[in-house]
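# Structural overview for review
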Amino acid sequence: VQLQASGGGLVQPGGSLRLSCAASGSIFSIYAMKWYRQAPGKQRELVASHATGERINYADSVKGRFIISRDDKDTVYLQMNSLKPEDTGVYYCNADISDYSFRRSDVWGQGTQVTVSS
């Protein structure tokens, strides 16, 4: 199982970006998909999560600005609005997945850089 993230880039403060992360491979079920970020010199932090049953959670720092969503094709999105310089960092997607052998695993995608700067 693999996760492929895309959509990062350079944006001015107040701007928007949309990140995507597509899961592929032998997937039986996805229990949750999440976005984390890691700023330079800081620990990786959870930004938003989307679990089975539309259970959605956000970090306090992004509430009201970011929206996480999933489609029916194993892709998770992160719409980021009103971006601030402190949103700068490498964004990683993560998924809690079971395959057709019912083995459950925690899968990480490669990071995508988001830079908010004027």
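Each chain has its residues counted from 1, running along the sequence as written. Only residues with pLDDT of at least 70 are given local features in this predicted model, and only at 80 or more are side-chain atom pairs given and counted; all residues enter the totals for whole chains, interfaces and linings. As a rule here, side-chain values come from all non-hydrogen atoms in the structure, and water together with hydrogens is ignored.

### Some words on the state of the cysteines
When two cysteine sulfur atoms lie within 2.5 Å, the pair is treated as a disulfide. Under the defined criterion, the tally for this structure stands at one disulfide. In this model Cys21 forms its disulfide with Cys93; the gap between the sulfur atoms is 2.0 Å. Given an S-S torsion of about 60 degrees, the disulfide between Cys21 and Cys93 has right-handed geometry. Remark: Cys93 occurs in strand E9 (residues 89–98) and Cys21 occurs in strand E3 (residues 17–24); sequence separation between them is 72 residues. Buried residues are those whose accessible area, probed at 1.4 Å on protein chains only, stays under 20% of the maximum for their type, while exposed residues exceed 50% and partly exposed ones sit between those limits. A relative accessible area of 0% places Cys93 in the buried class. Starting at the N terminus, helices and strands are each numbered in turn, a helix being any DSSP run of H or I of at least four residues and a strand any DSSP run of E of at least two.

### Considerations on the sheet that holds E3
Whether two strands pair depends on DSSP finding at least two bridges between them. The strand order across the open sheet formed by four strands is E1-E3-E8-E7, and the pairing between neighbours is antiparallel. Looking at strand neighbours, the two that pair on one side only are strand E1 (2–6) and strand E7 (66–70), the edges of this open sheet. On average, each strand axis in the sheet is inclined to that of its neighbour by 15 degrees, with strand direction left out of account. Pairing analysis gives five bridges linking E7 to strand E8 (residues 75–80), with the strands arranged antiparallel. When the sheet's bridge partners are listed, Ile67 is paired in E8 with Gln79. To obtain each axis, a line is fitted to C-alpha atoms, and for helices this fit is confined to the stretch in contact; angles are then taken between N-to-C directions over 0 to 180 degrees.

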